[in-house]
Each structure stands twice: as C-alpha cells, then as structure tokens.
Amino acid sequence: MTFRKFAKYVNEEENLVKTVFISLLTSFALLAFFYMFKLRYVENFIPKYGFFLFFAILSYSLILPSVKHVKIYREFACMSGMMIGMTIGMISGFLAGFYIGSTNGMFIGSVFGMSLGIFLGIWNGKCCGIMGTLEGIMAGFMGGLMGSMTALMMFNDNLKYMAVLVFLVSGITLFGLNYMIYKETREAEKRKNDETFFIIFWSILLTTVTTWLMVFGPRSVLFQ
Amino acid sequence: MKIKKTTLYFALIIILIVGVGFFMLKGNGLETNTAVSDNGNGDFQKIILSVKNLNYYPNTITVKEGIPVRIYLDSSVTGCLRSFTIRDFGIAKYLKTPNDYVEFTPNKKGSFRFACSMGMGTGTLVVE
C-alpha cells in the first residue's frame, strides 16, 4: 500500500518525525532560556504573546522538515518544483504573517511574512529553475500579505480559533507536499540526508526573530 | 518490549506540545465592558466611545427606549472604526471628528450589534 510505504519512508528513511521533534525541542528550549532571563519581566508576556508564539513555533516545526525534504533531492521537474516553491512560499509567508500580524499589526506582519515567504519560496522553488523561483516569489509575497491582513481583520472575531484552523490547514497542506515529493522522487538520487545542524540553526533563527518582533518589535498604532 | 524509534519521537513531540502548550496557552479572552448612557439634560442620551485592544471601548452600551441617543467617537478611534454602523437602526455614518455623532431613537427593546463598516470593531447596544 503506497500510504503505508510513505509512512515508513517519512519515519525511517528521511527521519522527518525526528526533524519535527528536534525543531520543537530547540525552539522551546531557546524560548525557556529567553523566558528565564528576559521575557518573564515583560508585562503580560504569556497572555499577550504566548498563544501566537506557541503556534508560530509549531508552524516552523512543520515548515522546516518540508524544506529539509526538498533539500535532500535538490532537483525536480518543473511542475513539481513550481508546486514546491508555491506551497512553501505561501504557507511560510501566511503563517509567519498571521502570527506576527496578530500581535504587531499589519505592516510588520506583512513585512516579516513576505520576507520569510519570498526567501523560502525562492530557496525551495529554485529546485526547478526560474519558474519555481518566480512562483516562490509570488506565493511568498501573497502569503505574507494575506496572513497579516487576515489576522488584523479577525481581531475581534475569534482570532484564536482561526489561528488553530490556519495551522491545521497548513499542516495538512505540508503533509500533502511531502507526499508529493515522495511520489516524485522514488527513483531519484539523494544529495544529503543528515541535516540536524540545518534544522537547529533555522529553528533558533526563526524563534529568536519571531519572539523579538512580537515582544520588542515595531507595531501598528492600534496595537500600542 | 522494544519501543519503535518513531513511536518514541511521536510520544516526545506530544509531550512537548502538551507540556509547553499548557504553560503558553493561558490567554485572556475578549474584554467586555459596559457603559450606561449619560442622560444629560433629558433631551438625548450621550455615549462616547473610545478604542481599547483594537475594539470599541466600552463595547456594551445600555440605553433607554424612546429617548434619542447620540454616539460620539473620541480621538483615540482611528481608521475604519470611525465608520460607525448599527444595522438594526439603519445607522451607517463616517464620523470624521470627535465632534461628529450619530443620532437615532431606539424604538424597540433588545440587544443589537454595532460595528465598524468592515466588522473589525464590534459591540452590543442594549435597549431597556
């Protein structure tokens, strides 16, 4: 059965579950460190930022394994590469924009969401050349803007439920992307496999930037 | 009994999420606050709304039936929140300055929603 084979591939061959765990562990450990020394002195840190920071970290722990999965093969056919650039650009831009937009407003949420979405969109979309790269740029741009705009517009309308919903839909989409990569690359040669350092580095970077932006970063007039 | 590595990772992920989530998800819900109209000289009921936590403050207003109501938005209200609507009373007006107001006479009892034109800021008008 293909799905059973996929589950085995995800768990044993590519260690994607282990990657999720490493990303979560790194991010939460870093956050605990920040909390011990700095964030616990920030007024209302947990009620104000805890929820969105928690889901931002969960989102990164789903995005990074997908990025790692793409990096293992590096080269894809045009259609697959475009789908990879679009999915990763859109989802990373949307999630980052949504969670930052929820605490800091639309401008900084859009800037951060677009930056992350476009960067990851290009980085992953270039696996098939210029088409995937362009797709990544467009998707990251759109996702970052849409994420923060959605967050701002839902501020008084069950924003937290929406945050959970957005996370679940993104998780399912990324799961689908990993399945597509598996289907497309069964015969392909792997370039790299052990990317633990890559995951730790990006988890630290994204958690640090997100936390700093949420707590100390600039915010829109309505959020001051 | 030998535990599979993958099962172990799944269990650890769930423990991490539940453990950290328990600590971090202690949120504060939407704040509700109430204002009763200032009856002034008896000709009209005066309400002044401001903004707190990106919503109208107070977001529950209590007024008396049959007496005209004037709602003002102070200078803290910006953006689309200045476009004030109460659908049930046919109110939709852009209040450009803090001196502008909407005026209507509540002719039915009950709870009615008021909102900005985009629905981002909302509240309840209680007519007694």
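Source: prediction; values computed, not measured.

## Here's the deal with the pairing of strand β4 (residues 60-63) of chain B
All names here are of chain B. On β4, burial covers both faces: T60 and T62 on one face and I61 and V63 on the other are all buried. Note: β4 against strand β10 (residues 122-127), four bridges, orientation parallel. Its bridge partner being in β10, T62 is matched across the sheet by V126.

## Topic: helix α3 (residues 45-73) of chain A
All names here are of chain A. Here α3 is 29 residues long and its end C-alpha atoms lie 41 Å apart, about the 42 Å a rise of 1.5 Å per residue gives. The principal kink in α3, of about 30°, is found at F51. For α3, a buried count of 26 out of 29 residues is recorded, marking the element as mostly surrounded by other parts of the structure. Taken from the residues just after α3, R74 is the one with a positive phi, measuring 70°.

## Details of the environment of B:L81
Residues and elements named next belong to chain B. Looking at where L81 falls in the secondary structure, it is placed in the loop between β5 (69-73) and β6 (83-86). Each C-alpha atom of the pair L81 and S117 lies 7.3 Å from the other, and the pair is 36 residues apart in sequence. Not counting the four nearest positions on each side in its chain, L81 is found in contact with V51, N55, Y56, L73, C116 and G121.

## A look at helix α1 (residues 5-24) of chain B
Residues that lie three or four places apart on an α-helix share one face, since the helix turns once every 3.6 residues. All names here are of chain B. Compared with the 28 Å implied by 1.5 Å per residue over 20 residues, the 28 Å span of α1 between its first and last C-alpha is a close match. Taken residue by residue, α1 has T6, Y9, I13, L16, V20, G21 and M24 as its buried positions. Looking straight down α1, one finds that the buried residues subtend no more than 115° of arc, so they occupy a single side. Looking at α1, the residues exposed on the side facing more than 90 degrees away from the buried face are I14, I15, V18 and F22.

The rules behind the values
- Residues numbered from 1 in each chain as written.
- Chains lettered and ligands numbered in written order.
- Predicted model: local features only at pLDDT ≥ 70, side-chain atom pairs only at ≥ 80, totals over all residues.
- Heavy atoms only, no water.
- Buried < 20%, exposed > 50% of the residue type's maximum accessible area, 1.4 Å probe, protein only.
- Helix = DSSP H or I, 4+ residues; strand = E, 2+ residues; numbered from the N terminus.
- Pairing = 2+ DSSP bridges.
- Expected span 1.5 Å × (residues − 1).
- Bend = angle between axes of the 7 residues up to and from the residue.
- Contact = heavy atoms within 4.5 Å.
- Arc of directions from axis to C-beta.

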